[in-house]
Structure formats: C-alpha cells, structure tokens
Amino acid sequence: MFRLDAGSGVPIYRQLMAQVRQELLLGRLQPGEQLPTVKEVVDALAVNPNTVAKAYRELEHEGLVRSRQGLGTFVAASPPAATVAARPALLAALTRWVRRARAEGLQAEEMRALLAVALDEPSAASDEQASGGVA
Amino acid sequence: MTAQVLDCVGMGHRYSRRGPWGLRDCTLMVPAGRVVALIGPNGAGKTTLLHLAAGLLPATEGSVRVAGARPARRLERIGFAPQGAPLWPHLRVRDVLGIGAHLNPRWDATLASDRIAKLGIAPRARVSTLSGGQRAQVALTLVLAKRPELLLLDEPLANLDPIARRAFLASMFEACTHSGVAVLFSSHVVAELERICDDLVVLADGRVRLAGDIDRLRRTHRVITGPVGWPTTTATQPATVPNDGSQARGWQVISARQAAGRTTALVRIDTHLLAGPGLDAAEPTFDELVLGYLDQHHPDQEPSQQDLRSQVEAPA
C-alpha cells in the first residue's frame with residue numbers, strides 16, 4: 001500500500017503517515033483493519049524498520065491506529081478523522097468549484113496550486129480547525 | 001538511557017608521529033538497534049573511523065568503547081566487513097564459512113547455511129564465480145554469523161546494482177530487527193541513504209561536521225533563499241522566535257550559494273525560525289542537509305555565529 005517519493009523532500013516517516021491518513025479519509029482502510037506489518041513494509045520498500053515503526057508510533061499517538069503486542073498494528077475502532085464519504089456537502093462544493101475552474105480554463109496542476117495557497121491562507125486557518133482539519 | 005554499543009569520545013588517529021591525522025576529535029554514540037550512516041567524500045576519514053571502532057587501529061587520542069570495553073577486547077562482538085567484500089576468490093563458499101566457524105567462538109553455523117540457502121547461492125560455488133551482489137551477501141553472512149552486537153560495514157552498497165542493493169538492505173534490516181545489532185556503515189553516495197539510516201554522521205577532512213537523528217537534524221535546519229549578498233548584509237536577517245519564551249540564541253550559516261540572482265543558504269537554528277523580509281525558509285531535504293555540510297567553503301573555519309540578541313539590542 002505504501003509508495004515512497006524520494007524527490008519530494010518529505011521525511012519518509014511522514015510520507016508513510018500521510019498515506020495511512022489518506023487511505024482512512026478515502027475509506028479504503030476500515031476500522032479494525034490491519035496495516036501491513038513492519039517487516040512487510042521493509043521488504044516491499046527496502047526501508048529502515050525503525051522508520052516504519054516511528055510512523056506507526058506517531059499514528060498511534062494521533063489515535064488513528066492501535067498496536068497490539070505481537071499481532072501488529074490496526075486501524076482504531078473510531079479514528080478521529082472523518083472519512084471524505086461522510087462529508088458529501090464538502091465534496092459537492094469542491095466538485096462545483098472544480099467544474100467552474102475547468103470552465104475558466106484551469107488545469108489540474110493550477111487547481112492544486114490554488115488549493116495549496118488557500119490552505120496556507122491565514123484567514124482559512126480557523127475554518128480549517130473548525131472542520132477538524134480535513135483537507 | 002540505553003547502553004551504547006559504540007561510544008567514542010574525542011577519538012582521533014594519526015598515521016605517524018608527524019604525519020597527517022586521519023580523524024580528529026570524533027565523539028559518537030551508537031545505541032543498539034540503530035542504523036548510522038557515515039557520509040563523506042573519499043579521504044574524509046570514514047574508513048579510519050570504522051577501523052578504530054573495529055579495533056584495527058589504535059586511538060591516538062580520546063577513547064573508543066564497544067559494549068563498555070576497548071574494541072580489541074570485544075572482537076567477537078564486532079562484525080566488520082571491509083570495502084569491496086575481499087573474500088578468498090579461489091575458495092568455495094562453504095570453505096569461506098568454514099573458516100568463519102573456525103575463527104569465531106560465537107559462530108552460528110545454522111544462521112550461515114540458512115542464509116546462503118535462502119539467497120540461492122550454491123555452497124560449492126567458488127567465490128570468483130559469484131556476482132558482486134552475491135559476494136556482498138556472502139561477506140554479510142560471514143559477519144552476521146558471528147552474532148555481533150556492532151556491525152561495521154565499509155561502503156557496503158558500492159558496486160551493487162539496484163536489485164542486489166535492495167536484497168542486501170533487506171538482509172541488513174532483518175538482522176537489525178531480530179538481534180538489535182547496531183549498524184555503522186559508510187557511504188560516499190548520498191542518494192537513498194535517507195530510507196536506510198536513523199542517524200547520520202557527516203565527515204569531512206577527518207572531522208565530524210554533523211551528527212544526529214536525521215529527523216531532528218532536519219527540524220533544526222532551514223534552507224533560506226534571499227537576495228544576492230545575503231546573508232552578509234545584515235538588513236534582512238531572519239528572526240528566530242523561541243517556542244518557550246526564552247531569548248533567541250541565534251542561528252548559524254552553514255553554507256551559501258548564489259544562483260539566478262538569489263542566495264540559497266543552509267542555516268542551523270536553535271529555535272523556531274520565521275522568514276524575514278525578502279527571505280523564504282523551508283525545512284531542508286536530506287540531500288540539502290548533507291550536501292550543505294559537505295559544501296562548506298572554508299572547512300577549517302567555524303561557521304559564522306550570529307547572535308540575534310546582540311543584533312536586536314544594537315542601536316539602529
């Protein structure tokens with residue numbers, strides 16, 4: 001399930017964390033489901049086992065996953081972040097926005113850049129908090 | 001605090017009484033289960049450091065301890081694989097392992113034969129007929145079967161193709177996970193080290209330039225882009241804001257380069273750093289961090305220390 005982007009400059013443990021969060025948001029990882037074991041990730045990516053363990057530890061600290069001694073790491077029963085599917089209004093609004101941007105001739109790359117700017121916008125900071133940080 | 005497998009304090013080695021120093025003032029700790037990359041150009045002192053830790057060279061100054069004693073008294077706990085996996089080319093693989101068994105009191109014959117079988121290497125094959133990747137794996141098997149606490153690998157990834165490299169790393173990581181061995185390995189290639197190591201040690205001209213946990217080091221550095229002339233012009237210094245309300249201690253310019261009308265500098269910070277007017281700050285990538293330290297233009301001079309407080313208090 002994991003892929004690493006060596007050119008992104010993002011620390012590897014944070015790349016792994018972001019990918020688990022993304023899978024949760026998209027509903028592809030369900031509560032109670034097991035994450036790949038550290039050994040499986042190490043074998044697949046040739047990555048340091050300590051790095052994988054660190055990513056899982058941080059995710060556990062955020063309450064998204066739970067490690068069970070000797071069994072592995074599992075998605076928490078009720079992960080704090082709501083899935084995208086549970087936010088149809090937000091998705092619909094975003095879809096309308098994308099349609100409008102496309103009508104104005106914007107490419108996907110430019111839309112992503114705009115979204116990144118909007119996320120960094122100080123006036124959006126409180127709204128982002130209010131919506132539980134779902135981006 | 002966990003016991004250090006390797007503990008060097010002010011360690012140095014001089015090749016002859018009036019000769020050059022191979023390594024000076026090296027303080028370094030490697031706890032169990034950590035993977036530490038030793039990075040630096042050829043001649044930086046990487047092999048000297050590994051030889052000191054392996055007990056092959058005496059420390060001219062300072063001290064080096066492996067599991068609490070001098071390396072020479074801990075040889076059975078140290079697995080050292082020299083550069084290029086120099087094995088006896090005319091011997092068969094099983095004879096190489098036989099020599100290992102004969103020389104090492106802690107030898108694990110089952111581990112050795114299982115590993116060779118798993119790798120698909122015929123025990124009766126002669127070393128000279130093996131590929132570079134297979135030879136590296138036999139050399140790794142030779143040191144792993146010692147059941148070492150400290151694994152010292154000199155340029156283990158050099159001359160390995162991507163597939164062999166991946167297989168070698170998988171073997172190394174498996175050993176770390178199962179036996180908690182501490183690994184110190186050298187490399188003159190920076191690419192992909194980020195996914196391999198926990199800590200890095202940057203060596204240049206026989207001195208440690210940078211050492212520590214890679215994530216922590218990235219958090220305490222910034223790549224700052226500013227106008228040409230910065231950071232020598234004091235008009236646009238970045239501001240450091242302490243997280244804990246104490247005074248800002250300052251920042252250090254490690255290296256700076258000019259290109260396309262902008263200056264890009266690697267800066268070490270003590271605390272949270274905000275970009276100043278006309279400056280953009282970003283956390284460095286692994287490569288930017290390492291190359292910034294290898295790229296110091298005046299390696300014998302200390303990087304310029306900027307004290308923010310004195311700047312703030314200086315009359316405008």
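(A) Spatial organisation of the pattern of salt bridges. Residues and elements named next belong to chain B. If you walk through the whole model with that rule in mind, you get 20 salt bridges over all chains. A salt bridge links lysine 46 to glutamate 155; its shortest N-O distance comes to 4.0 Å. Note that lysine 46 is positioned in helix α1 (residues 46–53) and glutamate 155 in the loop between β6 (150–153) and α5 (162–179), a separation of 109 residues in sequence. Relative accessible area serves as the criterion here: at 5%, lysine 46 is assigned to the buried category. In this structure, glutamate 192 engages arginine 165 in a salt bridge whose closest nitrogen and oxygen atoms are separated by 3.7 Å. Here glutamate 192, found in the loop between β7 (182–187) and β8 (199–204), pairs with arginine 165, found in helix α5; they are 27 residues apart in sequence, far enough to count as distant. The partly exposed category is assigned to glutamate 192, whose relative accessible area is 42%.

(B) Quick peek at the packing of helix α1 (residues 12–25) of chain A against helix α3 (residues 49–61) of chain A. All names here are of chain A. Axis separation between α1 and α3 bottoms out at 8 Å; the angle between their running directions is 50°. Comparing their axes, α3 and α1 come out oblique. α3 is crossed by α1, and the crossing has right-handed handedness. Listed contacts from α3 to Ile12, Tyr13, Leu16, Met17 and Val20 of α1 are Thr51, Val52, Lys54, Ala55, Glu58 and Leu59. Tallied by class, residues from the contact of α1 with α3 come to 8 nonpolar, 1 polar and 2 charged.

(C) Examining the packing of helix α2 (residues 93–103) of chain B against helix α4 (residues 132–144) of chain B more closely. All names here are of chain B. Running from N to C, α2 and α4 point in directions that differ by 25°, and their axes come no closer than 10 Å. Relative to α4, the element α2 is oriented roughly parallel. Here the hand of the crossing between α2 and α4 comes out right-handed. Packed against α2, whose contacting residues are Val93, Val96, Leu97 and Gly100, the element α4 presents Val138, Thr141 and Leu142 at the interface. By residue class, the composition of the contact of α2 with α4 is 5 nonpolar, 2 polar and no charged.

(D) Looking closely at the sheet that holds strand β2 (residues 21–31) of chain B. Residue and element names in this part refer to chain B. Read across the open sheet, the 3 strands follow the order β2-β1-β4; overall the sheet is antiparallel. Two strands lie at the open edges of the sheet, namely β2 and β4 (61–66), each paired on one side alone. Across the sheet, the mean angle separating the axes of adjacent strands is 15° when strand polarity is ignored. With 5 bridges joining them, strand β1 (residues 4–14) and β4 adopt antiparallel strand pairing. Along β4, the bridge assignment pairs glycine 12 with glutamate 61. Each of β1, β2 and β4 is contacted by α1, which is oriented at about 60° to β2, the strand it contacts most.

(E) Examining the pairing of strand β2 (residues 72–75) of chain A more closely. Residues and elements named next belong to chain A. Sheet analysis places strand β1 (residues 65–68) next to β2, joined by 4 bridges and oriented antiparallel. Looking across to β2, one finds that arginine 68 is bridged to glycine 72. Hairpin connection of β1 to β2: 3 residues between the antiparallel strands, including glycine 70 at a positive phi of 80°.

(F) Molecular detail of the packing of aromatic side chains. Counted according to the given criterion, the structure contains 0 aromatic pairs over all chains. Stacked on the ring of Phe74(A), the Lys or Arg Arg68(A) has its end atom at 4.1 Å from the ring centre. Its guanidinium or amino end placed over the ring of Trp21(B), Arg24(B) lies 3.9 Å from that ring's centre, counting from NZ or CZ.

(G) Structural view of the interface of chain B and chain A. Taken together, the 18 residues of chain B in the interface contact 17 residues of chain A. In this assembly, chain B packs against chain A so that about 1,500 Å² is buried in total across both faces, 45% of it on carbon and sulfur atoms. Here chain B and chain A share 2 salt bridges between them. A salt bridge links Glu283(B) to Arg14(A); its shortest N-O distance comes to 3.2 Å. Across the chain B-chain A interface, the total number found is 10 residue pairs in polar contact (both at pLDDT 80 or more). Elements with a minimum of two residues in the side of chain B that touches chain A: α5 and α6 (214–219) of chain B. Here the side of chain B that touches chain A gets 4 residues from one element, more than from any other, and that element is α5(B).

(H) Local environment of the confidence of the model for chain B. All names here are of chain B. The share of residues in chain B with pLDDT of 70 or more is 84%, and the mean pLDDT across the chain is 82. Low pLDDT, under 50, characterises residues 239–248; the stretch is placed with 20 contacts to residues that sit more than four places away or in other chains. Confidence drops under pLDDT 50 across residues 298–316; counting only partners more than four residues distant or on other chains, this segment forms 26 contacts. As a predicted assembly, this complex carries a pTM of 0.79 together with an ipTM value of 0.76.

(I) Quick peek at the sheet that holds strand β9 (residues 207–213) of chain B. All names here are of chain B. Sheet architecture is open: 6 strands sit in the order β5-β6-β7-β3-β8-β9, paired in mixed fashion. Strand pairing shows two members of the sheet lacking a second neighbour, β5 (78–81) and β9, which therefore form its edges. The mean inter-strand angle of the sheet, taken between neighbouring strand axes irrespective of direction, is 15°. Bridge analysis of strand β3 (residues 35–39) against β7 gives 5 bridges, and the strand direction is parallel. Note on β7: the bridge partner recorded for isoleucine 39 is serine 187. With respect to the sheet, α4 is in contact with β5 and β6, its orientation differing from that of β6 by roughly 155°.

(J) Structural detail: the domain arrangement of chain B. All names here are of chain B. For chain B, the assigned domains read domain 1 (4–215) and domain 2 (220–313). Between domain 1 and domain 2, the residue contacts involve 15 residues of the former and 11 residues of the latter. A buried area of about 1,000 Å², summed over both sides, lies between domain 1 and domain 2, and 77% of it is on carbon and sulfur atoms. The largest per-residue losses of area from domain 1 upon contact with domain 2 belong to Val190, Arg209 and Leu210, which jointly make up 50% of the total buried on that side. Our count for the contact surface shared by domain 1 and domain 2 stands at 0 salt bridges. Our count for the domain 1 to domain 2 interface comes out at 0 residue pairs in polar contact (both at pLDDT 80 or more). Listed by contribution, the elements that provide at least two residues to the side of domain 1 that touches domain 2 are β8 and β9. Ranked by residues supplied to the side of domain 1 that touches domain 2, first place goes to β8 with 4 residues.

Calculation notes
Residues numbered from 1 in each chain as written. Chains lettered and ligands numbered in written order. Predicted model: local features only at pLDDT ≥ 70, side-chain atom pairs only at ≥ 80, totals over all residues. Heavy atoms only, no water. Salt bridge = Lys/Arg side-chain N within 4 Å of Asp/Glu carboxyl O. Helix = DSSP H or I, 4+ residues; strand = E, 2+ residues; numbered from the N terminus. Buried < 20%, exposed > 50% of the residue type's maximum accessible area, 1.4 Å probe, protein only. Axes fitted to C-alpha atoms, helices over the stretch in contact; angles between N-to-C directions. Parallel < 35°, antiparallel > 145°, perpendicular 65-115°, else oblique. Left-handed = near helix turned anticlockwise from the far one by under 90°. Contact = heavy atoms within 4.5 Å. Nonpolar A, V, L, I, M, F, W, Y, C, P; charged D, E, K, R; others polar. Pairing = 2+ DSSP bridges. Phe/Tyr/Trp six-rings, centres within 6.5 Å; stacked < 30°, edge-to-face > 60°. Lys NZ or Arg CZ within 6 Å of the ring centre and 35° of its normal. Buried area = accessible area lost by both parts, 1.4 Å probe. Polar contact = N/O pair within 3.5 Å; in protein donor to acceptor, adjacent residues only side chain to side chain. pLDDT = per-residue confidence, 0-100. Domains from an automatic or database assignment.

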